[in-house]
Protein chains: 2
Amino acid sequence: MAATPLFRRIDIAPAYQKVADAIEREIINGRIKPGEPIGTEQQLVAQFGVNRSTVREGIRVLEEGGLIRRDSSRRLQACLPRYNKLATRLSRALILHEVTFRELFETSMTLEVASVEGAVERATDDNIAELAGNLERSAAVVGDPAGLAELDAEFHVLMAKASQNRVLQLAREPAAQLFFPTTEMIVGGVPEGGARLVEAHRHILDAIMRRDKEAGVLWTRRHLQDWRRGFEKIASLDRSVEHTYMEHAYAARQ
Amino acid sequence: MAATPLFRRIDIAPAYQKVADAIEREIINGRIKPGEPIGTEQQLVAQFGVNRSTVREGIRVLEEGGLIRRDSSRRLQACLPRYNKLATRLSRALILHEVTFRELFETSMTLEVASVEGAVERATDDNIAELAGNLERSAAVVGDPAGLAELDAEFHVLMAKASQNRVLQLAREPAAQLFFPTTEMIVGGVPEGGARLVEAHRHILDAIMRRDKEAGVLWTRRHLQDWRRGFEKIASLDRSVEHTYMEHAYAARQ
DNA sequence: TCTTATCGGTTTGTCCGACAAAGCTAGATT
DNA sequence: AATCTAGCTTTGTCGGACAAACCGATAAGA
């Protein structure tokens, strides 16, 4: 293939991109640690020898990527990318690719089952306490679809957290962000929907506490199957996650 | 909680952010479709009534998010976010969070098994042809760890594609990007490693063609277990994905 | 003494104007 | 008709500017 590697590929990139890349590299390889300051725009201007507008464009790129942020006093600092923010980007991509609810459901089933398995194996007392707190609050709002939907989403986030697997936590988030907003509609549309949901959560938590993987998986599956049955009452699984439908759910981001 | 909702929360956002949000909204809800032009910077300046520098900062934000891009002549147009690019952001996040190989492995196992299940169910002739082509090329470079590692990564991408589940495709990508670069080390370090890898791929493809889910899952598990055994010969699974180690793999992005 | 008000000095967000390089358009040339 | 060329447009970058917000420290008041 390669005949004579005489010349290196010449790197032609706009200045703002090079600024972004340079800062990114320092953060990725750990020379700038999360929380540490990057410097003022003026300093970056001096260091890179480019105009402030150029620096600012580079900064926007990194800021959007979640690698840097501005602290309370608007000074630049490196930071750990928030899963949540990145997941929002992914959810957006899924919307635009018009994925179907079937795809969402199938993947969520896989990931939630993996979550519960991890949680059963490795949940700490703190994790369990958090889940129990969530369950208690859920039981209190069982008649309120909106409130319950929100707590349901939280329950699953806590379950993923309890799995102690951060890769899994990250992987499930994008699908979850699109999957769970429908819960409100479903809980509201099915009589006893709220009660069934809380019941399932209770069994799942119980399984986690008893370290009973089989039961945990079983109830997680039932829980999701409930969602599916509810969803199929109002729409086809092969319907795509629509722009207009998802707009409000998506707009809830900050 | 909420006493008197007398005042709306006043949204104080910098102008460039509002510019980005406005354009993003038009794309998300489908009023601007992928491929359609956004307009020149000058036009945006006129429409939003802000300075070009401000518009450009907003544009950078969207560009980084993969929502817009510049075509061959550098004009702005909406586009579908590429999974690949987004996955790179996520991989970066995983590196910074210093996730362990155990977490990567566990999650990849879940997702690859889900992939093969989907592929067994729904792979098209085209998918199978692609996988067969990959297998053929793999067999030809069985002695070349670097080449084989690359083809291995491709095989798994193709398998996810064959599952016809785009959510799954997206969900597996970040972990895969970190997981598979190690393959080269492992294949190179284990005698017969390359042969075993190709053998596993062959069985997996065979299972997909025969629509034999059990066999597909079995060989996928074996395949990943092989990776795990190989990895444990050189390092602990509890070792985190390190900055310096991952730097070169990560640098391979464009 | 402790709190509050004030006052420069910085830094950010935004604006204005400008220019070279590259791409596109359309008229001029062969 | 095909090609070349000149002009217009657009982007990437630059320099400078200014109001608002923020920081730190000092001065004034309880």
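Position labels on residues start from 1 in each chain and follow its written sequence. Each chain gets a letter, beginning with A, and each ligand a number, beginning with 1, in the order they are written. Only residues with pLDDT of at least 70 are given local features in this predicted model, and only at 80 or more are side-chain atom pairs given and counted; all residues enter the totals for whole chains, interfaces and linings. As a rule here, side-chain values come from all non-hydrogen atoms in the structure, and water together with hydrogens is ignored.

### Examining the overall build of chain A
- Counting its secondary structure elements, chain A contains 12 helices and two strands.
- Think of it this way: any DSSP run of H or I at least four residues long counts as a helix, any run of E at least two long counts as a strand, and we number them from the N terminus. The linear arrangement of helices and strands in chain A, starting from the amino end, is α-α-α-β-β-α-α-α-α-α-α-α-α-α.
- Its C-alpha atoms put chain A at 65 × 45 × 40 Å along the principal axes.
- Under the scheme applied here, a residue whose accessible area is under 20% of the maximum for its type counts as buried, over 50% as exposed, and between as partly exposed, the area being computed with a 1.4 Å probe on protein chains only. Across the 254 residues that make up chain A, the buried fraction comes to 52%.
- Only heavy atoms matter for contacts: two residues are in contact if any of them lie within 4.5 Å across the pair. Contacts in chain A between residues far apart in sequence, at least 24 positions, make up 73% of those at least 6 positions apart.
- Residue-level accessible areas treat just the shown protein chains as cover; the underlying method is Shrake-Rupley with a 1.4 Å probe. By element, 51% of the accessible surface of chain A is carried by carbon and sulfur atoms, the whole surface being about 12,400 Å².
- Between the averaged position of the 35 positive side-chain charges in chain A and that of its 36 negative side-chain charges there is a distance of 6 Å. Under this rule, positive means Lys or Arg and negative means Asp or Glu; His and the chain ends count for nothing. A charge is said to be at NZ when it belongs to Lys, at CZ for Arg, at CG for Asp and at CD for Glu.

### Points about helix α4 (residues 83–96) of chain B
- Taking 1.5 Å of rise per residue, the 14 residues of α4 of chain B would be expected to cover 20 Å, and the 20 Å separating its terminal C-alpha atoms lies within 8% of that figure.
- When α4 of chain B is considered as a whole, its buried residues turn out to be Tyr83, Leu86, Ala87, Thr88, Arg89, Leu90, Ser91, Arg92, Ala93, Leu94, Ile95 and Leu96 of chain B. Between the first and last residue of a helix there are one fewer steps than residues, each counted as 1.5 Å, and that sum is the expected span.

### What about the environment of Thr182 of chain B?
Residue and element names in this part refer to chain B.
- Position of Thr182 among the secondary structure elements: in the loop between α8 (166–179) and α9 (183–189).
- Spatially, the C-alpha atoms of Thr182 and Val19 are 42 Å apart, while their sequence positions differ by 163 residues.
- A 3.5 Å cut-off defines polar contacts: any pair of N or O atoms within that distance qualifies, except that in protein one atom must be a possible hydrogen donor and the other a possible acceptor, and neighbouring residues in sequence count only when both atoms are side-chain atoms. A polar side-chain atom of Thr182 sits 2.6 Å from the main-chain carbonyl oxygen of Phe179.

### Overview of the relation of the copies chain A and chain B
- By a simple turn and slide, chain A fits onto chain B: the slide is 0.1 Å along the axis, the RMSD is 0.1 Å, and the turn is 180 degrees. Accordingly, the operation relating the two chain copies is best matched by a two-fold axis. Copy-to-copy alignment: least squares on C-alpha atoms, limited to residues at pLDDT 70 or above in both.

### Observations regarding the protein's contact with DNA strand D
- The full set close to DNA strand D counts 17 residues, and Ala15, Asn51, Thr54 and Ser73 of chain A together with Arg52 of chain B are the nearest of them.
- A distance of 2.8 Å is found between a phosphate oxygen of DNA strand D and a side-chain nitrogen or oxygen belonging to Thr54 of chain A.
- Arg52 of chain B places a polar side-chain atom, nitrogen or oxygen, 2.7 Å from a base oxygen of DNA strand D.
- Sorting the residues of the surface near DNA strand D by element identifies α1 (15–28) and α3 (52–65) of chain A together with α3 (52–65) of chain B as the ones contributing at least two each.
- If one sorts the elements of the surface near DNA strand D by residue count, α3 of chain B sits on top with three residues.
- Split into classes, the residues belonging to the surface near DNA strand D amount to four nonpolar, four polar and nine charged. By convention in these notes, a residue is near a molecule or strand provided one of its non-hydrogen atoms lies within 4 Å of it. Asp, Glu, Lys and Arg are counted as charged, while Ala, Val, Leu, Ile, Met, Phe, Trp, Tyr, Cys and Pro are counted as nonpolar; the rest, among them Gly, fall into the polar class.

### Points about the domain arrangement of chain A
All names here are of chain A.
- Domain annotation of chain A identifies domain 1 (15–78) and domain 2 (84–251).
- A separation of 36 Å is found between the C-alpha centroids of domain 1 and domain 2.
- Listed per partner, the contact involves four residues of domain 1 and four residues of domain 2.
- Simply put, the buried area is the total loss of 1.4 Å probe accessible area from both parts when two parts are fitted together. Carbon and sulfur atoms supply 27% of the area that domain 1 and domain 2 bury against each other, a total of about 230 Å² over both sides. Marked domain ranges trace back to an automatic or database domain assignment.

### Quick look at the packing of α4 of chain B against α8 of chain B
All names here are of chain B.
- Only C-alpha atoms enter the line fits that serve as axes; for helices the fit covers just the stretch in contact. Angles between N-to-C directions range over 0 to 180 degrees. One can describe the packing of α4 onto α8 by two numbers: an axis separation of 8 Å at closest approach and a directional angle of 45 degrees. Viewed along their axes, α4 and α8 adopt a mutual orientation that is oblique. Read as a crossing pair, α4 and α8 show a hand that is right-handed. Packed against α4, whose contacting residues are Tyr83, Asn84, Ala87, Thr88, Leu90, Ser91, Leu94 and Ile95, the element α8 presents Arg166, Leu170, Glu173, Pro174, Gln177 and Leu178 at the interface. In what follows, roughly perpendicular refers to angles from 65 to 115 degrees, roughly parallel to angles under 35, roughly antiparallel to angles over 145, and oblique to any angle outside these ranges. Each crossing gets its hand from how the near helix is turned against the far one by less than a right angle, where anticlockwise is left-handed and clockwise is right-handed.

### Brief notes about the interface of chain A and chain B
- Facing 50 residues of chain A, the contacting portion of chain B comprises 50 residues.
- Roughly 5,000 Å² is buried in total at the junction of chain A and chain B, and carbon and sulfur atoms are behind 61% of that figure.
- Salt bridges, as used here, are contacts in which a Lys or Arg side-chain nitrogen is within 4 Å of a carboxyl oxygen on Asp or Glu. In this structure, the connection of chain A to chain B is made through 10 salt bridges.
- For Arg92 of chain A, the salt bridge is made with Glu24 of chain B, and the minimal N-O distance between the two is 3.2 Å.
- Elements with a minimum of two residues in the side of chain A that touches chain B: α1, α3, α4 (83–96), α5 (101–122), α8 (166–179) and α12 (243–251) of chain A.
- Considered class by class, the residues forming the side of chain A that touches chain B number 23 nonpolar, 10 polar and 17 charged.

### Brief notes about the protein's contact with DNA strand C
- Not every one of the 18 residues close to DNA strand C is listed here, only the nearest: Arg52 of chain A together with Ala15, Asn51, Thr54 and Ser73 of chain B.
- Protein-proximal atoms of DNA strand C, defined as those within 4 Å of the protein, fall in sugar or phosphate at a share of 68%.
- Glu41 of chain A places a polar main-chain atom, nitrogen or oxygen, 3.3 Å from a phosphate oxygen of DNA strand C.
- A distance of 3.3 Å separates a phosphate oxygen of DNA strand C from a polar side-chain atom of Arg60 of chain A.
- Broken down by secondary-structure element, the contributors of at least two residues to the surface near DNA strand C are α3 of chain A together with α1 (15–28) and α3 of chain B.
- When grouped by side-chain class, the residues that make up the surface near DNA strand C number four nonpolar, five polar and nine charged.

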